[in-house]
Amino acid sequence: MVAKPSQSELGLFLSQLRRRPNKIVALSPSSTRLARKMCLQIDATTGPVIELGAGTGRITRAILASGVPEDQIAAYEINPDFAQSLRAEFPNLRVVEQGAEELRNAPVERPGAVISGLPLLTFSEASQSRILTAAFAKMRPGGLFIQFTYGFHTPVARSICKALDLEVEMQSTELWNLPPAQVYVFRQRAAVRNAA
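Quick caveat, the model's predicted, so the values are computed rather than measured.

1. Points about helix H3 (residues 58-65)
Helical geometry note: an α-helix holds 3.6 residues per turn, so side chains three or four residues apart project in the same direction. Within H3 the residues assigned to the buried category are Arg 58, Ile 59, Thr 60, Ala 62 and Ile 63. In the segment just after H3, Gly 67 is the residue with positive phi, at about 110°.

What follows is the structure in structure tokens.
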């Protein structure tokens, strides 16, 4: 069964969908089950985490449940209403109202993971490249870039994976999300070798 968002969360999402239909590409907030799957590879030892496209906070809650402290999460959200809601619910969360391409300046040091709810399939290859290049430059060696997609293949262009020497793993599928989603984990091969 699809996990239902709380009434206030769903209300906020639907109001933004009506007000900014060209900016919201999902049919509903991410399900709790998908959010948990996004966080399977992180825990309290991961260190700081950057979340991209925090939205209504569904994945933020799963990051917190995995053991990462609130003040160790930098949540990027350009929608001002979503950002305001995040600040109200999570007073110690570091909410950043900038685009994901600015994550080199994230207010956390040497994060162990970047968890993305961005619709990367709708981004240009140049934007994808800027985001992933910045993510792997900011993360410590061995850091994970975790991304979900509604598509049937990796949401990151092959040329970018090759240029950044990324290893890609399809971690899981969540059929009870609306629409169903797949979770991918990206690691930089050279960074993995250097961290070993």
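Past the structure itself, the notes keep going.
2. Points about the pattern of salt bridges
Across all of its chains, the model carries seven salt bridges by this definition. Taking the shortest distance from any N to any O, the salt bridge between Arg 61 and Glu 89 comes out at 2.8 Å. Taken together, the residues span a long stretch of sequence, with Arg 61 in helix H3 and Glu 89 in helix H4 (residues 80-89) at a distance of 28 residues. Across the pair Arg 130 and Glu 101 runs a salt bridge, and its minimum N-O distance is 3.3 Å. Of this pair, Arg 130 sits in helix H5 (residues 125-138) while Glu 101 sits in the loop between strand S3 (94-96) and strand S4 (113-116); the two residues are 29 residues apart in sequence, bridging distant segments of the chain. Owing to a relative accessible area of 32%, Glu 101 belongs among the partly exposed residues under this scheme.

3. Brief notes about the packing of aromatic side chains
In the structure shown here, the tally under the stated rule is four aromatic pairs. Ring geometry for Phe 145 versus Phe 186: centroids 6.1 Å apart, planes at 75°, classification edge-to-face. You can see Phe 145 sitting in strand S5 (residues 144-149) and its partner Phe 186 sitting in strand S7 (residues 181-188), a full 41 residues away along the chain. For the residue pair Phe 145 and Phe 186, the accessibility class agrees, reading buried in each case. Between Tyr 184 and Phe 186 the ring centres are 6.5 Å apart and the planes differ by 35°, which places this aromatic pair in the tilted class. By relative accessible area, Phe 186 is classed as buried at 0%. Aromatic rings pair up to connect Phe 136, Phe 145, Tyr 184 and Phe 186 into one cluster.

4. Looking at the environment of Leu 121
Structurally, the position occupied by Leu 121 is in the loop between S4 and H5. In this structure, the C-alpha to C-alpha distance between Leu 121 and Thr 149, residues 28 residues apart in sequence, is 7.5 Å. Contacts of Leu 121, omitting those with residues within four sequence positions, involve Thr 149, Gly 151, His 153, Thr 154 and Pro 155.

5. Regarding the sheet that holds strand S6 (residues 166-174)
Think of a sheet as strands paired side by side through backbone hydrogen bonds, with each pair either parallel or antiparallel. Strand order across the open sheet formed by seven strands is S3-S2-S1-S4-S5-S7-S6, with mixed pairing between neighbours. Both edges of this open sheet fall to S3 and S6, since each of them pairs with a single strand only. Sheet twist, expressed as the average angle between the axes of neighbouring strands with direction ignored, equals 20°. In this sheet, S7 lies alongside S5 in antiparallel orientation, the contact comprising six bridges. Opposite Leu 144, over in S7, you have Arg 187 as the bridge partner. The sheet strands contacting H5 are strand S1 (49-52), S4, S5, S6 and S7, and the helix crosses S5 at an angle near 145°.

What counts, and at which threshold
- Residues numbered from 1 in each chain as written.
- Predicted model: local features only at pLDDT ≥ 70, side-chain atom pairs only at ≥ 80, totals over all residues.
- Heavy atoms only, no water.
- Buried < 20%, exposed > 50% of the residue type's maximum accessible area, 1.4 Å probe, protein only.
- Helix = DSSP H or I, 4+ residues; strand = E, 2+ residues; numbered from the N terminus.
- Salt bridge = Lys/Arg side-chain N within 4 Å of Asp/Glu carboxyl O.
- Phe/Tyr/Trp six-rings, centres within 6.5 Å; stacked < 30°, edge-to-face > 60°.
- Contact = heavy atoms within 4.5 Å.
- Pairing = 2+ DSSP bridges.
- Axes fitted to C-alpha atoms, helices over the stretch in contact; angles between N-to-C directions.

The values reported here are purely geometric and, on their own, carry no functional implication.
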